[in-house]
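One letter stands for each residue in the lines below.
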Amino acid sequence: MISTIQELIDPDFDPVIEDIDMDDSCQFLKPTPSHIAPDDVEYLRSKNALTVPEPSLLNELLRAYFQWSYNFMPVLNIQDFVPAIVNNDPDANISLLLLQAVLFAGSAFADMNHLRAAGFHTRREARNEFFTRARLLYHLEYEDDPICLLQASLLLTYNNERDDSLQKDMWFWTLPGNDYEDVFGGVFSLEIEWSLSLLDAQRRLMRQSAMFRNYG
């Protein structure tokens, strides 16, 4: 993952890597929010929404995201995000919702051998799983940081599966930007003209995500 970032994004990226075992727990994540009811926590756990992949798959999904997705959706501050994970930094407070959204974006390009080893028979199955994890966290309001919510919403626009019962296609995930417009002084106007073609809408979204980069 780090070599991919150095090769494709930032040649000077050279985080200090400590020898920390991540098998026990993901200490880099924010603690479970106190406002989440115990029943909701159990529901999220039963749906694997609180589950982080084992280190090998986690590294592959992150590598795939940074190699293939990051330059089109640069919503993360790499200097903070990556060292926090590889060092399992207990002071990092990485958003679980944001992490699941990043893993979903990376699942589109991850090596199938890694996905099969994790029990996924197809790429679509893996993508649906990681998208569902992020969606559940979003809708149960697991995360309340507006920046993390916007970052995750942008990443979830990579979903091309439409759930007619919930109406959660790409258009849904662009709309939260309107709610956060006041927070960012109008910088992130994600209003979508519904008459635009899908391609034009995607291009506009990419421009907005580029503006967001300095706030990641």
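Residues numbered from 1 in each chain as written. Predicted model: local features only at pLDDT ≥ 70, side-chain atom pairs only at ≥ 80, totals over all residues. Heavy atoms only, no water.

Participant: Describe helix α7 (residues 123–139), listing the residues and the values that go with them.
Facilitator: Over its 17 residues, α7 extends 24 Å from the first C-alpha to the last, a length consistent with the 24 Å expected when each residue adds 1.5 Å. Every buried residue of α7 is accounted for by Ala126, Arg127, Phe130, Phe131, Arg133, Ala134, Arg135, Leu136, Leu137 and Tyr138. Just downstream of α7, Glu141 is the residue with a positive phi angle, here 55 degrees. (Helix = DSSP H or I, 4+ residues; strand = E, 2+ residues; numbered from the N terminus. Expected span 1.5 Å × (residues − 1). Buried < 20%, exposed > 50% of the residue type's maximum accessible area, 1.4 Å probe, protein only.)

Participant: An account of helix α4 (residues 78–86) is needed here, citing residue identities and associated values.
Facilitator: Across the nine residues of α4, seven count as buried, placing the element largely inside the fold. Among all positions in α4, only Ile78, Phe81, Val82, Pro83, Ala84, Ile85 and Val86 are buried. Among the residues of α4, the N-terminal cap falls to Asn77, whose side-chain oxygen and the backbone nitrogen of Gln79 are separated by 3.1 Å. Taken from the residues just after α4, Asn88 is the one with a positive phi, measuring 50 degrees. (Polar contact = N/O pair within 3.5 Å; in protein donor to acceptor, adjacent residues only side chain to side chain.)

Participant: Could you give an account of the packing of helix α5 (residues 96–107) against α7, with specific residues and numbers?
Facilitator: At a minimum axis separation of 8 Å, α5 and α7 run at an interaxial angle of 160 degrees. The angle between α5 and α7 falls in the class roughly antiparallel. Helix-helix and strand crossings are classified by hand; for α5 and α7 the assignment is left-handed. Contacts from Leu96, Leu97, Gln100, Ala101, Leu103, Phe104 and Ser107 of α5 reach α7 at Arg123, Arg127, Phe130, Phe131, Arg133, Ala134, Leu137 and Tyr138. For the contact of α5 with α7, the per-class residue count stands at 10 nonpolar, two polar and three charged. (Axes fitted to C-alpha atoms, helices over the stretch in contact; angles between N-to-C directions. Parallel < 35°, antiparallel > 145°, perpendicular 65-115°, else oblique. Left-handed = near helix turned anticlockwise from the far one by under 90°. Contact = heavy atoms within 4.5 Å. Nonpolar A, V, L, I, M, F, W, Y, C, P; charged D, E, K, R; others polar.)

Participant: Please provide a residue-by-residue account of the environment of Leu99, values included.
Facilitator: Turning to its location among the elements, Leu99 is positioned in helix α5. It is 8.8 Å that separates the C-alpha atoms of Leu99 and Leu29, two residues lying 70 residues apart in sequence.

Participant: Describe the pattern of salt bridges, naming the residues involved and giving the relevant values.
Facilitator: Scanning all chains against the criterion turns up four salt bridges. The salt bridge involving Arg45 is made with Glu42; its shortest N-O contact spans 2.7 Å. In this pair, Arg45 and Glu42 both sit in helix α2 (residues 38–46), three residues apart, roughly one turn of the helix. Judged by relative accessible area, which is 44%, Arg45 ranks as partly exposed. (Salt bridge = Lys/Arg side-chain N within 4 Å of Asp/Glu carboxyl O.)

Read these as layout, nothing more, since geometry by itself doesn't imply function.
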